[in-house]
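Residues per chain, in single letters:
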Amino acid sequence: MGIKTVYEDCDVLVVGGGMGGTGAAYEARYWGRDMKVVIAEKANIDRSGAVAQGLYAINCYMGTQWGENNPEDHVRYARNDLMGMVREDLAFDMARHVDSAVHKFEEWGLPFMKSTETGRYLREGKWQIMIHGESYKPIVANAARKSADKIYNRIMVTHLLMDESRDNRVGGAVGFNCRTGDFHVFRAKAVIVAAGGASHIFKPRSVGEGMGRTWYAPWSSGSAYALAIQAGAKMTQMENRIVLCRFKDGYGPVGAYFLHLKTYTQNAYGNEYESTWYDDTKSMVGEYIDHHPTPTCLRNHAFIQEVKAGRGPIHMVTKEAFQDPHLEEVGWENFLGMTVSQAVVWASQDIDPKYINPELTTSEPYVMGSHATCSGAWCSGPEDLSPEEYFWGYNRMMTVDGLFGAGDAVGGTAHAFSSGSFTEGRLAAKAAVKYVNDLKDEKINVTDKQVDELKETIYQPLDNYTIGRNEIVSGTVSPSYLLPIQGLQRLEKVMDEYVGGISVNYMTNDKLLERGIELLDTMEEDFEHLGAEDLHQLMRAWELKHRLLSSQSVAQHTLFREETRWPGYYYRGDHMQLDDENWHCLTLSRRDPETGDWAMEKAPVYHIVD
Ligand SMILES: Cc1cc2nc3c(=O)[nH]c(=O)nc-3n(C[C@H](O)[C@H](O)[C@H](O)COP(=O)(O)OP(=O)(O)OC[C@H]3O[C@@H](n4cnc5c(N)ncnc54)[C@H](O)[C@@H]3O)c2cc1C
């Protein structure tokens, strides 16, 4: 193959320069002054990841200096929202450090809104503070740029390398440059994966000409999960997908509307509906429905049931708040900083929220570990907090030695959001530097054989296309290859219909899951025949393979947990109850990298905060 290979040897490799990755690079430099720190990023760190377009609020800030909240309070909040299932050690660890990360953002130039009464950061809710956040991402990217020795933009990392001198130890990563096609080999003593969660694994509401309009960033392809799974790392809570209630068609955020504008919802006939589902929900989840605030999934549940009962659509009542010119301005500005397209959708559909109450909808499910759910890798917690089962030497290290995670990559840490993900990057990097220091002069051994085999695998879709193209004279349907878009639609359909997507009202059961898993396994064979017309399609092919691995993991976990723990996120029709007696636990999986077989187990959930 006439493809150039570029080698880079480093101490700490950061895969993905989003919120977690930029935090990791910043902190790795602080603790590892003489270490070589490198970032490999699929896009360009200035505008990459879920925060690319900016944010209007930082959703995780304790305000401990003003006595607003303590880390314990945040653990209780996240635990409550996740129906009891979080890694409290990881959550506490993030919460006790997050304020200092937020103070850095201000130091680096991010404009914060301040309360005119107190001079403190302006609160939107108990945890959120409001920012003028269009430039949030370039600001943290700048800090990472000053810290890293080298940043490789446009590199799609496809696989991790394994050290061949010791079992179960990472040795770096490989990928290709999506613009030049060069093959990149990063040999590293420690790798921090911060490559974000997964959109487009379930069929989205917007299809056809609307395709690409999703709540979660369409470019988040589950690489954080797939890279870890391929390397044999254990995963946790992958069944805990997230469904969002958002403004219809534009997926515009509702947080500022509920919290700051004090808007509220009603059904198509102008009635409050949430309380009418109280008894129904109580019969499924017991006393969890009485918790405050009501867990997000349970609010979704009432919404979904009300629409199913024929009283949709659900509207957000904006007409009252928008009579106040200040709130009207805030309502529109809320989109300009992070979801401009919602304003455009309203304009195109003749919706002025001052006169019309806009529709809401529930999204297709996504998999991510830093928002209101906690899918991801099973990582060690910090030494001073974690029970024995949760600690194996280095904070945020996965079950593969030298492999760390941050942000969406880490399981069990819901409600970290942008600031918490950046903080987790910092925590992971501090531990990774310690890991590298502890290795002393021990070398990582990655043979040419391992690298050459991966090179062949990575570029195979280009060959599949070049050869297979000769068999067709027009159109896109080939007897011998499958285009990434065709594969993506096949994947989304199976996940939607069998694993609990929108078209089945988030419902699944053991039989559906077993069949879905068979279909996903067949797809794995089919995807050996993906054809890529150019480098962009090669990236799409690898994104798809990462999405498939993430999806297989989601399906396996959903089958394993025989209960409906989070109604409103998904339902197990054969086990419609929350079952604390048997399932007050975390779920773990490991895919054997040699055989592809999945092994499932339960792990205890320890409540370390009262
Ligand atoms: C729609 C939406 C709205 C949100 N709103 C808020 C909010 O208002 N306030 C708030 O605080 N938080 C918000 N969040 C949460 C916040 O954005 C995430 O918690 C945070 O971005 C997660 O950080 P991360 O590093 O894990 O992932 P990201 O920040 O998404 O970064 C992942 C990075 O990995 C790169 N990457 C992906 N695959 C590869 C690969 N194979 N090789 C190399 N690089 C790769 C990506 O390009 C990206 O740069 C929101 C999230 C979403 C999706």
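Residues numbered from 1 in each chain as written. Predicted model: local features only at pLDDT ≥ 70, side-chain atom pairs only at ≥ 80, totals over all residues. Heavy atoms only, no water.

Moving on: the overall build of the chain. A tally of helices and strands in the chain yields 16 helices and 19 strands. Taken over the C-alpha trace, the chain has a radius of gyration of 23 Å; the compact-globule value for 610 residues is 25 Å, and the two agree within 12%. For the chain, the spread of C-alpha atoms along the principal axes amounts to about 65 × 60 × 50 Å. Taken across its 610 residues, the chain has 60% of its residues classed as buried. Across the chain, every contact between residues at least 6 apart in sequence was considered, and the portion connecting residues at least 24 apart equals 75%. Of the roughly 22800 Å² of accessible surface on the chain, a fraction of 49% belongs to carbon and sulfur atoms. (Helix = DSSP H or I, 4+ residues; strand = E, 2+ residues; numbered from the N terminus. Rg over C-alpha atoms; globule rule 2.2 N^0.38 Å. Buried < 20%, exposed > 50% of the residue type's maximum accessible area, 1.4 Å probe, protein only. Contact = heavy atoms within 4.5 Å. Areas by Shrake-Rupley, 256 points an atom, 1.4 Å probe, with all protein chains shown as cover.)

What follows deals with a nonpolar patch on the surface. Together, Leu336, Val340 and Val344 make up an exposed nonpolar region whose accessible area comes to about 250 Å². For valine 344, the position within the fold is in helix α10 (residues 340–348). (Patch = residues over 30% accessible without salt bridge, like charges linked within 9 Å, V, L, I, M, F, W, Y side chains within 5 Å. Salt bridge = Lys/Arg side-chain N within 4 Å of Asp/Glu carboxyl O.)

Here we come to the pattern of salt bridges. In a structure, side chains of opposite charge can pair up when their charged atoms sit close to one another. Under the counting rule described, the total for this entry stands at 44 salt bridges. One salt bridge connects glutamate 68 with arginine 120, and the closest N-O pair in it is separated by 3.6 Å. On the criterion of sequence distance, the pair formed by glutamate 68 in the loop between β3 (55–58) and α2 (71–81) and arginine 120 in the loop between α3 (88–107) and β4 (129–133) is long-range, its members being 52 residues apart. With a relative accessible area of 29%, arginine 120 lands in the partly exposed category. For the salt bridge of arginine 490 with aspartate 526, the shortest nitrogen-to-oxygen distance reads 2.8 Å. Here the residue arginine 490 occupies a position in helix α13 (residues 484–498), and aspartate 526 occupies one in helix α14 (residues 510–526), the gap between them amounting to 36 residues. Arginine 490 gets classed as partly exposed once you look at its relative accessible area, which sits at 35%.

Our next topic: the packing of α3 against helix α11 (residues 417–439). For any two helices packed against each other, the geometry comes down to the angle between their axes and how far apart the axes lie. α11 packs onto α3 with a crossing angle of 105 degrees between their chain directions and a minimal axis gap of 8 Å. One element, α3, and the other, α11, form an angle in the roughly perpendicular class. In this structure, α3 uses Asp93, Met94, His97, Val98, Ser100, Ala101, Val102, Lys104 and Phe105 to contact α11, whose residues at the interface are Ser419, Gly420, Phe422, Thr423, Arg426 and Leu427. For the contact of α3 with α11, a count of residues per class yields seven nonpolar, five polar and three charged. (Axes fitted to C-alpha atoms, helices over the stretch in contact; angles between N-to-C directions. Parallel < 35°, antiparallel > 145°, perpendicular 65-115°, else oblique. Nonpolar A, V, L, I, M, F, W, Y, C, P; charged D, E, K, R; others polar.)

The next subject is the environment of serine 480. Tracing the backbone shows serine 480 in the loop between α12 (448–468) and α13. A C-alpha to C-alpha distance of 8.6 Å links serine 480 and arginine 469, two positions 11 residues apart in sequence. The residues contacting serine 480, other than those within four sequence positions of it, are Gly468, Glu471 and His529. A polar contact is formed between the side chain of serine 480 and the side chain of glutamate 471, at a distance of 2.8 Å. (Polar contact = N/O pair within 3.5 Å; in protein donor to acceptor, adjacent residues only side chain to side chain.)

In this section: the pairing of strand β7 (residues 170–177). Most of β7 sits inside the fold, with eight of its eight residues counted as buried. Across seven bridges, strand β6 (residues 155–162) lies against β7 in antiparallel orientation. When the sheet's bridge partners are listed, methionine 162 is paired in β7 with valine 170. Judged from the five bridges that link them, β7 and strand β8 (residues 183–193) form a sheet pairing that is antiparallel. Its bridge partner being in β8, phenylalanine 176 is matched across the sheet by phenylalanine 183. Hairpin connection of β7 to β8: five residues between the antiparallel strands, including glycine 181 at a positive phi of 85 degrees. (Pairing = 2+ DSSP bridges.)

Lining the immediate surroundings of the ligand are 34 residues, of which Glu41, Ser48, Ala57, Ser370 and Ser418 lie closest. Residue lysine 42 places a main-chain N or O atom 3.0 Å away from a nitrogen atom belonging to the ligand. Here the ligand, which alone exposes 990 Å², has 96% of that area covered by the protein. Those elements giving two or more residues to the shell around the ligand turn out to be α1 (19–31), β3, β6 and α11. (Near = heavy atom within 4 Å.)

It is worth spelling out the sheet that holds strand β14 (residues 376–377) at this point. Pairing within the open sheet is antiparallel, and its four strands lie in the order β14-β9-β18-β19. Two strands bound the open sheet, and with one partner strand each, they are β14 and β19 (598–604). For strand β9 (residues 235–236) and strand β18 (residues 585–591), the ladder comprises two bridges, and the chain directions are antiparallel. Residue pairing across strands places methionine 235 opposite serine 589, the latter belonging to β18.

Here we take up the environment of isoleucine 242. Mapped onto the fold, isoleucine 242 is located in the loop between β9 and β10 (245–247). Note: C-alpha distance between isoleucine 242 and threonine 5 (237 residues apart in sequence) is 39 Å. Setting aside residues no more than four positions away along its own chain, isoleucine 242 makes contact with Glu364, Pro365, Tyr366, Met368, His371, Ala372, Thr373 and Tyr569.

The subject of this paragraph is α11. If you check α11, its first and last C-alpha atoms are 32 Å apart, about what 23 residues at 1.5 Å a residue would give, namely 33 Å. Counting buried residues along α11, 19 of its 23 residues qualify, which places the element largely inside the surrounding structure. Lysine 440 sits one or two residues past α11 and shows a positive phi near 55 degrees. (Expected span 1.5 Å × (residues − 1).)

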